[in-house]
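Now for the letters of each chain:
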Amino acid sequence: MKLRLAMIGGGQGAFIGAIHRIATRIDDHYELVAGAFSSNPEKAKASGEELGLSPDRVYGSYKELIEKESQLPENVRVQVISIVTPNHVHFEPTKLALESGFHVVLDKPMTFSLEEAKELKKIVESTGKLFCLTHTYTGYPMVKEARQIIASGKIGAVRKVYVEYPQGWLSTFLEGEDNKQASWRTDPGKSGIAGAMGDIGTHAFNLSEYVTGLQVTKLNADINIVVEGRKLDDDGAVLLKYNNGASGVLMATQIAAGDENNIKIRVYGEKGGIEWQQDIANTLLIKYLDKPTEIWRTGGGYTSGYVTTNMRAPAGHPEGYLEAFANLYKNFALTVKAQLEGAAATPEMLDFPGVEDGVRGMAFVENVIASGKSDQKWTDFTI
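Let me begin by describing the structure that accompanies this report.

Reading the values: the criteria
Residues numbered from 1 in each chain as written. Predicted model: local features only at pLDDT ≥ 70, side-chain atom pairs only at ≥ 80, totals over all residues. Heavy atoms only, no water. Helix = DSSP H or I, 4+ residues; strand = E, 2+ residues; numbered from the N terminus. Rg over C-alpha atoms; globule rule 2.2 N^0.38 Å. Buried < 20%, exposed > 50% of the residue type's maximum accessible area, 1.4 Å probe, protein only. Contact = heavy atoms within 4.5 Å. Areas by Shrake-Rupley, 256 points an atom, 1.4 Å probe, with all protein chains shown as cover. Lys, Arg positive; Asp, Glu negative; His and termini not counted. Charge placed at Lys NZ, Arg CZ, Asp CG, Glu CD. Pairing = 2+ DSSP bridges. Axes fitted to C-alpha atoms, helices over the stretch in contact; angles between N-to-C directions. Phe/Tyr/Trp six-rings, centres within 6.5 Å; stacked < 30°, edge-to-face > 60°. Core = buried A, V, L, I, M, F, W, Y, C linked by side-chain atoms within 4.5 Å. Parallel < 35°, antiparallel > 145°, perpendicular 65-115°, else oblique. Nonpolar A, V, L, I, M, F, W, Y, C, P; charged D, E, K, R; others polar.

1. Overview of the overall build of the protein chain
On a plain count of helices and strands, the protein chain comes out with 12 helices and 14 strands. Taking 383 residues into account, the globule formula puts the C-alpha radius of gyration at 21 Å, and the protein chain, at 21 Å, falls close to it. For the protein chain, the spread of C-alpha atoms along the three principal axes comes to 65 × 50 × 40 Å. Residues counted as buried form 54% of the 383 residues belonging to the protein chain. Counting contacts in the protein chain only where the partners sit at least 6 residues apart, residues at least 24 apart contribute 69% of the total. Approximately 16000 Å² of the protein chain is accessible, and the part contributed by carbon and sulfur atoms is 50%. In the protein chain, which carries 40 positive and 48 negative side-chain charges, the distance between the mean positions of the two groups comes to 4 Å.

2. Considering the sheet that holds strand β5 (residues 131-133)
Pairing in this open sheet of 5 strands is parallel, and the strands run β2-β1-β3-β4-β5 from one edge to the other. The open sheet has two edge strands with one neighbour each: β2 (30-36) and β5. Adjacent strand axes in the sheet meet at a mean angle of 20° when their direction is disregarded. Where strand β4 (residues 103-106) lies against β5, 3 bridges are found, and the strand directions are parallel.

3. Some points on the side chain of D107
By the element assignment, D107 lies in the loop between β4 and α5 (114-127). Setting aside its immediate chain neighbours within four residues, D107 contacts I16, H20, I83, V84, H90, L133, T134 and F325.

4. Section: the pairing of strand β11 (residues 272-277)
The two faces of a sheet get side chains in turn, since along a regular strand they alternate between them. Burial within β11 is extensive, with 6 of its 6 residues counted as buried. Of the two faces of β11, both are covered, the one formed by G272, I274 and W276 as well as the one formed by G273, E275 and Q277. Pairing of strand β10 (residues 264-269) with β11, which is carried by 5 bridges, proceeds in the antiparallel orientation. Bridge pairing in β11 links R266 to E275. Linking β10 to β11, which pair antiparallel, is a turn of 2 residues. With 4 bridges connecting them, β11 and strand β12 (residues 283-288) associate as antiparallel partners.

5. Topic: the sheet that holds β11
The 9 strands lie next to each other as β13-β12-β11-β10-β6-β9-β8-β7-β14, forming an open sheet whose pairing is mixed. Looking along the sheet, the strands with just one partner apiece sit at the ends: β13 (294-297) and β14 (379-380). As paired strands, strand β7 (residues 216-224) and β14 are joined by 2 bridges and run antiparallel to one another. Looking across to β14, one finds that L219 is bridged to T379.

6. Details of the packing of aromatic side chains
This structure, assessed with the given rule, holds 11 aromatic pairs. Judged by centre distance (5.7 Å) and plane angle (85°), the rings of Y137 and Y165 are edge-to-face. A residue pair is termed long-range when its members are at least 10 positions apart, and Y137 in the loop between β5 and α6 (141-152) and Y165 in strand β6 (residues 158-166) qualify at 28 residues. The exposure class assigned to Y137 is buried, which follows from its relative accessible area of 5%. For Y165, a relative accessible area of 1% gives the class buried. When the ring of Y162 is compared with that of Y268, the centres are 6.3 Å apart and the planes differ by 80°; the resulting orientation is edge-to-face. Of this pair, Y162 sits in strand β6 while Y268 is found in strand β10, placing the two residues 106 residues apart along the sequence. Take Y268: its relative accessible area is 26%, and that puts it in the partly exposed class.

7. Focus on the nonpolar core
Ranked by size, the top nonpolar core spans 79 residues in total, and within it I81, V211, L250, I274 and W276 carry the most contacts. No other element matches the 8 residues that helix α12 (residues 355-373) contributes to this core. With sequence-adjacent residues up to four places away left out, W276 is seen in contact with Y140, M142, V143, L207, I263, K264, I265, A281, T283 and L284. Counting residues in each nonpolar core, the second largest holds 23 residues, with Y30, F37, F325 and A326 among its members.

8. Quick word on the environment of G301
Tracing the backbone shows G301 in the loop between β13 and α10 (305-308). For the pair formed by G301 and A315, sequence separation is 14 residues and the distance between their alpha carbons is 9.2 Å.

9. Digging into the packing of helix α4 (residues 91-99) against α5
Running from N to C, α4 and α5 point in directions that differ by 10°, and their axes come no closer than 10 Å. For the element pair α4 / α5, the angle class is roughly parallel. In this structure, α4 contributes F91, T94, K95, L98 and E99 to the contact, and α5 contributes E116, E119, L120, I123, V124 and T127. Considered class by class, the residues forming the contact of α4 with α5 number 5 nonpolar, 2 polar and 4 charged.

10. Description of unusual backbone geometry
Cis rather than trans, the peptide bond between K108 and P109 has omega equal to -10°. Positionally, P109 belongs in the loop between β4 and α5. Phi at D28 takes a positive value of approximately 60°, unusual for a residue other than glycine. Turning to its location among the elements, D28 is positioned in the loop between α1 (15-26) and β2. For D28, a relative accessible area of 47% translates into the label partly exposed. The backbone of D178 sits at a positive phi, close to 60°, despite the residue not being glycine. With respect to the helices and strands, the residue D178 is situated in the loop between β6 and α7 (180-185).

Structure below.
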């Protein structure tokens, strides 16, 4: 059984919409049957035609999509709505979709503000609908294995966390050159109060909490606008304190000229450490105090079920960003199907980012920006 899927946003020329659609097709759990792909009706119509959708299921706005799909018979209307709009158009369509009885997959960060995030959490809880937030990097098999290794106590209690996300694509004033991606991501009216910290810093923050199983309780941020004329931060570093007493360092920058998307995490415990980076995503390093470092690989036969259920190719065949994205969609689909069948979802199925991750991500954004503007050295992580 395929789940009937609609998409809001992601029309012609939109990078992330195409990524989401590819991710939904990899495991054949979804069929895209409807969409409101653009606020421009002509562009929305052209996008629907390009995707081969029936014209009567291509809508001119998200409100029209949700209203008209709600009126269709239960065995016809969409079951899941994927929302891939810029940050300032996350809250309203998600709220309306959930309250109208649809499950939702939402691109990160969850909302424009922390207040919206907290309100959305209440709506998810009150409606009972399922919700997934696409923090892509938690979808990698060896990231999942790192989480399992740390949870098992193999490296002992976590003491130190280093997580970094260097990009270089905004090293120049790209938003002044009619670049669509740069324009909205650096616009406070569309992106929110943060630039780099909201765009990629939230990924690094989420990865650190997911892998360690810990939560940040205090932080100390240095936030910078490096490129002249830019309105939002393009560089920053944050010192972190976790709820077990461990300390961490987070770096997120979009002015690291020559770097692409090599997000990386290192975690050190009492007895050893782990290291993973996206450039060699099939590899996980496990380090020890008293013996040589081990190199673990996907498909090696010695990993947990969290690896084997999230990989598709034989050992040695690289699986990357698209597959990690697809793992979030797959696990979410299996959870939705379990609910439809009245069955209990397994822990592996439930292993996707949810509304709590979204709230903490927006709290990270607001706390980091506040700390960056403050003369106070350490501030509590408040929600």
